[in-house]
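What the coordinates show
Below are the chains, spelled out letter by letter.
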Amino acid sequence: MEERGMSREAIESLLQEKKLADLAYHRILSSMCTYPHEIAVYAHMMFLESNLGDSGLFPGTKEMEDKVIQMVGALLGAEDACGYISTGGTESNIQAIRAVRNRKKREGMRDMNIIVPETAHFSFDKIADILSIDVKKASLDEELRVDVNSVEELIDDRTIGLVGIAGTTEFGQIDPIKELSELATEKDLFLFVDAAFGGFVIPFLEAHYDFDFSLSGVSAISADPHKMGMSTIPAGCLLFREKSYLEELRVPTPYLTTKEQYSLTGTRSGAATAATYAVLKYLGREGLKKIVGECMRLTRLLVERGTEMGISPVIEPVMNVVALDLPEAEVERVANALAKRKWRVSVTRKPKALRLVIMPHIDEETVHAFAEDLKEVR
Ligand code: 0PR
């Protein structure tokens, strides 16, 4: 830091310069984030100083948090679910598994493991490290859903929980949560559904998928408002069916205005909570459904354009994620050639494919412009 501060104008121009270096979302097809809705931005700005880490000082924000948990719980099949607003999918994943780990540790269990699909987000590798548990990876079926037989084979007497993904990061696939729920019930295991991406998509799709608390074996769900919920970063929702699991995360906070805390972080943005509250209230289910509907229409359009040039998707898209099946040796070259044309795409691991996420910042013109460039560089 310099000894003397700079003028406001100088700072503004510095900020402008940095803003210009950042990419605008409109040609980004690799991200699960998007521009937050205008009403979310308005609410975020209004509650910038609000800290849910000491929520007794901000009872208005706390009320909004409780209301969001109730709204999202109802959306996901359990109006009386309990939980809190986290910083996003990674924190929610850590905390969901930490809750069951703590429960089992209290009961005297050691050397625990959980079983996740091979497609699980890399945050589960962090979980293995932070929580000192073994994270076993179950194999997939041909449609890139977790193979429930493989999950069952991996269960042993040290297994404390199963994880299913409703909206996989790379392929947007939904695991057979109903079968996992039955297995979890039969084996008396905790079942966590990572719906960080799918939580605000699946309820609004034309097809029906069982993936939420309406399945009695589902113990906890994560769904991120800062992905398809149109809110600001950082906003994730962690929900438990039973309060007793949330209680496993309780830490006494002697000198704060509240006696306890459940979150992983201490100081915690009330702004993103206000943003989430505002945008969910503003859009309602109808508004979210419209957004998802448009993303799905454009997803189908992109698949059509691909098919016209002889490129098919690895799986028929279930949600607004498309993985285009190019010859393995070609994928990186095509991704790089697209990058030269200012598109941002990503490449999946297994199978290797060109991954495109059709977020709400993508419009029809953009899909066509992208398809034309793809046709030229492939
Ligand atoms: N669970 C699933 C299924 C996810 O897809 C993700 C993130 C997480 C958990 C973790 O969520 P947080 O990143 O909120 O902690 N999925 C994207 C990914 O890692 C996130 C992302 C978003 C990546 C924007 C890039 C980007 O530009 O690919």
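Throughout, residues of each chain are indexed from 1 in the direction in which the sequence is written. For this predicted model, a pLDDT threshold of at least 70 governs which residues receive local features, and a threshold of 80 or more governs which side-chain atom pairs are given and counted, while totals over whole chains, interfaces and linings are taken from all residues. Just so you know, side-chain values use all the structure's heavy atoms and leave hydrogens and water out.

Let's talk about the domain arrangement of the protein
This is how it is decided: Note that domain bounds follow an automatic or database assignment of domains. Residue contacts are counted whenever heavy atoms from the two residues lie within 4.5 Å of one another. By definition, a salt bridge exists where a carboxyl oxygen of Asp or Glu is found within 4 Å of a side-chain nitrogen of Lys or Arg. Throughout this description, a polar contact denotes any pair of N or O atoms lying within 3.5 Å of each other; where both atoms belong to protein, one of them has to be capable of donating a hydrogen while the other can accept it, and for residues adjacent in sequence the pair is counted only when both atoms sit in side chains. Secondary structure elements follow DSSP: runs of H or I of four or more residues count as helices, runs of E of two or more count as strands, with numbering from the N terminus. Any residue outside Ala, Val, Leu, Ile, Met, Phe, Trp, Tyr, Cys, Pro, Asp, Glu, Lys and Arg is labelled polar, Gly included; the first ten of those are nonpolar and the last four are charged.
Structurally, the protein comprises domain 1 (8-36 + 285-377) and domain 2 (38-281). Put simply, the middle of domain 1 and the middle of domain 2, counted by C-alpha atoms, are 26 Å apart. Every contact between the two is made by 28 residues of domain 1 and, on the other side, 34 residues of domain 2. Scanning the region where domain 1 abuts domain 2 turns up two salt bridges. E170 is the salt-bridge partner of R349, the closest N and O atoms lying 2.9 Å from each other. Put simply, domain 1 and domain 2 have three residue pairs in polar contact (both at pLDDT 80 or more) between them. The biggest single contributor to the side of domain 1 that touches domain 2 is helix 9 (residues 271-308), with seven residues. By residue class, the composition of the side of domain 1 that touches domain 2 is 20 nonpolar, three polar and five charged.

Topic: the site of the ligand
Note the threshold: To be near a molecule or strand, a residue needs just one of its heavy atoms within 4 Å of it. Here the open area of atoms and residues is found with the Shrake-Rupley method and a 1.4 Å probe, where only the protein chains shown may cover a residue.
Taken together, 16 residues surround the ligand, and among them T90, H121, T169, D194 and K227 come closest. G89 has a polar backbone atom sitting 3.1 Å from an oxygen atom of the ligand. Burial of the ligand by the protein amounts to 76% of the accessible area it has alone, namely 590 Å². Take the shell around the ligand: its biggest share by element is three residues, from helix 4 (residues 89-106). Each residue belonging to the shell around the ligand can be placed in one class, and the counts come to four nonpolar, nine polar and three charged. Of the residues that make up the shell around the ligand, three or more belong to each of domain 1 (8-36 + 285-377) and domain 2 (38-281).

Comments concerning the sheet that holds strand 3 (residues 134-138)
The pairing of strands in a sheet happens through backbone hydrogen bonds and is either parallel or antiparallel. Applicable threshold: Two strands make a pair as long as DSSP finds a minimum of two bridges between them. Angles here are taken between N-to-C directions and fall from 0 to 180 degrees, while the axes themselves are lines fitted to C-alpha atoms, restricted in helices to the stretch in contact.
With respect to topology, seven strands assemble into an open sheet ordered 1-7-6-5-4-2-3, the strand pairing being mixed. Two strands lie at the open edges of the sheet, namely strand 1 (82-86) and strand 3, each paired on one side alone. Ignoring strand direction, the axes of neighbouring strands in this sheet form an average angle of 20°. Pairing of strand 1 with strand 7 (residues 236-240) involves five bridges; the strand directions are antiparallel. Bridging across to strand 7, S86 finds its partner in G236. Each of strand 2 (113-117), strand 3, strand 4 (159-165) and strand 5 (190-194) touches helix 5 (residues 123-131); the most contacted strand, strand 3, lies at about 150° to it.

Some details on helix 10 (residues 328-340)
Going by this rule: A 1.4 Å probe rolled over the protein chains alone gives each residue an accessible area, and that area as a share of the maximum for its type sets the label: buried under 20%, exposed over 50%, partly exposed in between. The directions considered for the arc are those from the helix axis to the C-beta atoms.
Residues V331, V334, A335, A337 and L338 constitute the buried set of helix 10. The buried residues of helix 10 occupy an angular sector of 165° when projected down its axis, which confines them to one face. The exposed residues of helix 10 that point more than 90 degrees off its buried face are A329 and K340. In this structure, the buried side of helix 10 is in contact with strand 11 (346-347), strand 12 (354-357) and helix 11 (364-377). Positioned one or two residues after helix 10, K342 has a phi angle of 70°, which is positive.

Things to note about the sheet that holds strand 10 (residues 321-324)
With respect to topology, three strands assemble into an open sheet ordered 10-12-11, the strand pairing being antiparallel. Across the chains shown, the open sheet's two edge strands, defined by having one partner strand only, are strand 10 and strand 11. In terms of strand pairing, strand 11 meets strand 12 through two bridges, oriented antiparallel. Each bridged residue has a counterpart across the sheet, and for V347 the counterpart in strand 12 is L354.

Looking at the side chain of S346
Mapped onto the secondary structure, S346 falls in strand 11. The exposure class assigned to S346 is buried, which follows from its relative accessible area of 18%. Leave out the neighbours within four places in its chain, and S346 touches S30, A353, L354 and R355.

Considerations on a nonpolar patch on the surface
Where we set the bar: Patches here: salt-bridge-free residues with over 30% relative accessible area, like charges joined within 9 Å, nonpolar side chains (Val, Leu, Ile, Met, Phe, Trp, Tyr) joined within 5 Å.
Residues M6, I11, L14 and L15 make up a contiguous nonpolar surface patch of roughly 360 Å² in combined accessible area. Along the polypeptide, M6 turns up in the segment before helix 1 (8-21).

Let's talk about the pairing of strand 7
With five of five residues buried, strand 7 is to be regarded as a mostly interior element. Burial of strand 7 is two-sided: the residues G236, L238 and F240 facing one way and the residues C237 and L239 facing the other way are all buried. Of the strand pairs in this sheet, strand 6 (residues 220-223) and strand 7 are connected by four bridges, and their pairing is antiparallel. Of the residues in strand 7, the one forming a bridge with A223 is C237.

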